[in-house]
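Here is how the chains run, residue by residue.
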Amino acid sequence: MEMSQKIIGVKASAGIAIGKAFLLAAPDFQIKMVAIEDTVSEIKRFEVALENAKLDLQGIVTRVEQEMGDDHADIFKAHLLVLEDPELVDTVKEKIEQEKVNAESAVSDVAQVFIGLFEQMDDEYMRERAADIRDVTKRIVSHLLGIAFAGPGELTEEVIVVAEDLTPSDTAQLDRRFVKGFVTDIGGRTSHSAIMARSLEIPAVVGTRVITDVVKPAATIILDGYEGIVIIDPSPEELADYERKQAEYAGRKAGLAKLVHEKTLTTDQHHVELAANIGSPGDLAGVLANGAEGVGLFRTEFLYMGREDFPTEDEQFLAYKQVLEQMGEKPVVIRTLDIGGDKQLSYLSMPEELNPFLGFRAIRLCLDNQELFRTQLRALLRASMYGNLKIMFPMIATLEEFRQAKQILEEEKKGLLEKGIAVSDRYEAGIMIEIPAAAMMADQLSREVDFFSIGTNDLIQYTMAADRMNERVAYLYQPYHPAVLRLIHNVIKAAHANGKWVGMCGEMAGDSIAIPILLGFGLDEFSMSAGSILPARQQISRLSLEEVSQHTEAILSMSTSEQVEAFVKKVLNQK
Amino acid sequence: MVEKKIVVQLSHGLHARPAATFVKVATSFSSEIKIVKKEKTVNGKSIMGIMSSAIAKGDEITLIADGADEQEAVNALEKVLLEQE
């Protein structure tokens, strides 16, 4: 009997899944160079494989168009063009004929030349095309070798997807009916695949480093997204153990499900709003199913990414309108474009910067590239008629920046009204607090804004001067550090003094240690991944505002993050 | 053989979607199609050839068509390159 194997990774999305492994990247085909005499039939063999690969792709294009819409099929149409590329096809044929080698090695050699060419390009979009060529080559070779090729769009049964990494285009193709969870070699809690798993509410473990090397296709695996553990070929005892845990989890989930339609109230009847962070209108189903009382952050970058040109005003308007309509009277905070830094657009060339996180991004870029900004603002203003809209400007450092953004917003509003296009008169305009300068100046800013939303992911890294992606300084990324807490407290106090509300839309808002502290500080709105809402509601329903707020002074005068954490665990989270 | 010098007007150059459009139009003609940028020549029916030559807005290129429908091909492809989206 084979022993089970335990792999540790990063817990990316909670839950337990048990199922068969589906290796997303086809295993590397062993390609041997073989001398060929009959080059005519070898070329014929290549042509047949090419034809079959085309048939595969045409089938996928049709299916993806029907199930997911035309946009998602574009990547496969591009693959088809590569398959038909004369530079590829003719060069392979020539190689077979002149060098008398087998089709497999000819295809792989020719493809390698192109892959090398694309990988060396400066443009990120072009570098990604190398992956397309690799994908297409694998498809041809798999037909030559008679090995079934499995792509992410071709699932037919429930599986746990195992991959080196999941790119946005992989996840777009995943058939959600069949994916019970996923495990990857690379990535961290904030990588694309992890965020995606949380918004789809499927368990995931990322950053295992080795999973694709050690798991065999169709092996049974247990995926524990609570602990970040993967067990390959589990023993009967382990299986029984995890089936029990899975049932417990389902039981807990059912308990939480009763809270879906409840208001979020403390034991002393104080109401706070629990909202969800979303990346696209497609996330709304999960938001509503988890009983969110609003959308606290709609990241609009996703409308701009994975495409070849800016989204038009109408496209944006439709997306914003859809979200506002579906949320009804519930507030929806839409953040204006936040690109630059680690988020680049293939069609907007931005010079490389030494310090992108301190550079030309978000509102700084929008105030400079006003055409881009104004288009988005018009789309938002038009959509304001369909719900409870709050417009939020990211990365505001100074009052002047807010004033300038607000003035542009007013100008666009005036322009629309002059054209006879209706704009609501009750939308709000606020800012994201993620720069320490803005947190310090909250008293001044709060006189002019309608609201604040604290973006803790950036606020923490700017306060501690520690890049959260840099493992060597990750120890400084301390959400409970009194320096961070003092800034947050200052923001809330200043806003309330001017009668404005304050939300929080970073990871911290859904964190069980942070929640009692923030509640005590008087935070009005907590926005988090949809899956965190019900546990947060349960936690808050067991806390008393009067009691937690009594500890605020004590927490603010503590000296270390550890001290704060220990205090919360001991005193505030007892129940 | 027909040759024509063209200054590319496509706002993002021969990138992704316009490159695909170019290839589709080029393949609809029987003539051989070539693009010459500086000293480099690429096959106008090859998506990989075109994308790897990174032709940007404002680049001067020479379009060459050779075959039965060479004039029609140059006319149609010139249109693709001059389009401003």
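Residues numbered from 1 in each chain as written. Chains lettered and ligands numbered in written order. Predicted model: local features only at pLDDT ≥ 70, side-chain atom pairs only at ≥ 80, totals over all residues. Heavy atoms only, no water.

## Comments concerning the overall build of chain A
How we decide: Secondary structure counts use DSSP, requiring at least four H or I residues in a row for a helix and at least two E residues in a row for a strand, with both numbered from the N terminus. Under the scheme applied here, a residue whose accessible area is under 20% of the maximum for its type counts as buried, over 50% as exposed, and between as partly exposed, the area being computed with a 1.4 Å probe on protein chains only. Any two residues whose heavy atoms approach within 4.5 Å at even a single point are treated as in contact. Accessibility throughout is a Shrake-Rupley quantity obtained with a 1.4 Å probe, and a residue counts as covered only by protein chains that appear here.
Regarding its fold elements, chain A presents 24 helices and 16 strands. Within chain A, the fraction of its 575 residues that count as buried is 54%. For chain A, long-range pairs separated by at least 24 residues make up 67% of all intrachain contacts whose partners lie at least 6 apart in sequence. As displayed, chain A has an accessible area near 25900 Å², and 52% of this comes from carbon and sulfur atoms.

## A short note on the confidence of the model for chain B
We count it as follows: pLDDT is defined as a per-residue confidence score from the predictor, taking values between 0 and 100.
Counting all residues, the mean pLDDT for chain B is 87, and 96% of those residues have values of 70 or more. Both confidence scores are given for the complex: pTM 0.63, ipTM 0.82.

## Concerning the sheet that holds strand β3 (residues 40-43) of chain B
All names here are of chain B. Our working rule: A pair of strands is labelled paired if DSSP reports no fewer than 2 bridges between them. Here the axes come from fitting lines to C-alpha atoms, over the contacting stretch only for helices, and the angles between their N-to-C directions go from 0 to 180 degrees.
The sheet built from four strands is open, its strands ordered β1-β4-β2-β3 with antiparallel pairing. The open sheet is flanked by β1 (2-7) and β3, the only strands paired with a single partner. Neighbour-to-neighbour, the strand axes of this sheet turn through a mean angle of 25°, independent of strand direction. Taken together, the four bridges between strand β2 (residues 32-37) and β3 define a ladder with antiparallel strand orientation. Each residue of the ladder has a partner; that of Ile 35, found in β3, is Val 42.

## A short note on the pattern of salt bridges
All names here are of chain A. The test is simple: Counted as salt bridges are all cases of a side-chain nitrogen of Lys or Arg within 4 Å of a carboxyl oxygen of Asp or Glu.
For the coordinates displayed, the defined rule picks out 31 salt bridges over all chains. For Lys 180, the salt bridge is made with Glu 158, and the minimal N-O distance between the two is 3.8 Å. Residue Lys 180 is located in strand β5 (residues 179-184), and its partner Glu 158 is located in the loop between α5 (124-145) and β4 (159-163); the two are separated by 22 residues in the primary sequence. Between Arg 537 and Glu 293 there is a salt bridge; the shortest N-O distance is 3.3 Å. Of this pair, Arg 537 sits in helix α21 (residues 533-541) while Glu 293 sits in the loop between α10 (284-289) and β10 (295-299); the two residues are 244 residues apart in sequence, bridging distant segments of the chain. Residue classification places Arg 537 among the buried residues on the basis of a relative accessible area of 2%. Residues joined in a network through salt bridges with shared partners are Glu 313, Asp 314, Arg 374, Arg 378, Arg 382, Glu 411 and Glu 412.

## Considering the packing of helix α3 (residues 86-99) of chain A against helix α4 (residues 103-119) of chain A
Two measures define how a pair of helices packs: the angle their axes make with one another and the distance between the axes. All names here are of chain A. Defined as follows: Each angle receives one of four descriptions, namely roughly parallel if under 35 degrees, roughly antiparallel if over 145, roughly perpendicular if within 65 to 115, and oblique otherwise. Whether a crossing is left-handed or right-handed is set by the direction in which the near helix is turned from the far one by less than a right angle, anticlockwise for left-handed and clockwise for right-handed. Each residue gets one of three labels, nonpolar for Ala, Val, Leu, Ile, Met, Phe, Trp, Tyr, Cys and Pro, charged for Asp, Glu, Lys and Arg, and polar for the others, Gly among them.
Two numbers describe how α3 lies on α4: the axes approach to 9 Å, and their chain directions differ by 135°. By the criterion of interaxial angle, the relationship of α3 to α4 is oblique. For the crossing formed where α3 meets α4, the hand is right-handed. In contact with Glu 87, Leu 88, Thr 91, Val 92, Lys 95 and Ile 96 of α3, α4 contributes Ala 103, Ala 106, Val 107, Asp 109, Val 110 and Phe 114. Residue classes in the contact of α3 with α4 are distributed as eight nonpolar, one polar and three charged.

## Regarding the interface of chain A and chain B
Accessible area lost on assembly of the parts is the figure often given for the size of an interface. Note the following rule: Computed with a 1.4 Å rolling probe, the buried area is the accessible surface lost when two parts are put together, summed over both parts. What qualifies as a polar contact is a pair of N or O atoms within 3.5 Å, subject to a donor-acceptor requirement within protein and to the restriction that residues adjacent in sequence count only when both atoms come from side chains.
Contact with chain A, which involves 20 residues of that partner, is made by 15 residues of chain B. Carbon and sulfur atoms supply 68% of the area buried between chain A and chain B, which totals about 1500 Å² over both sides. Broken down residue by residue, the surface that chain A buries against chain B is led by Leu 81, Met 126 and Glu 308 of chain A, which jointly contribute 31%. Our count for the contact surface shared by chain A and chain B stands at four residue pairs in polar contact (both at pLDDT 80 or more). If you list the elements that add at least two residues to the side of chain A that touches chain B, you get α2 (70-83), α3, α4 and α5 of chain A. Here the element with the most residues in the side of chain A that touches chain B is α5 of chain A; it accounts for four residues. Considering only residue class, the side of chain A that touches chain B consists of twelve nonpolar, one polar and seven charged.

## Some remarks on unusual backbone geometry
It is generally the case that most residues other than glycine have a negative phi and that most peptide bonds are trans. Residue and element names in this part refer to chain A. One non-glycine residue with positive phi stands out, namely Arg 209, at about 65°. Structurally, Arg 209 can be placed in the loop between β6 (204-206) and α8 (211-214). Overall, Arg 209 belongs to the exposed group, its relative accessible area being 64%. A positive phi is found at Ala 218, a non-glycine position, where the angle reads about 70°. Using a relative accessible area of 46% as the deciding quantity, one classes Ala 218 as partly exposed.

## Remarks on the environment of Leu 259 of chain A
Residue and element names in this part refer to chain A. Relative to the elements of secondary structure, Leu 259 occurs in the loop between α9 (236-257) and β9 (273-278). For Leu 259 and Ser 541, which are 282 residues apart along the polypeptide, the C-alpha to C-alpha distance reads 10.0 Å. In this structure, Leu 259 is in contact with Leu 534, Arg 537 and Gln 538, ignoring residues within four places of it in sequence.

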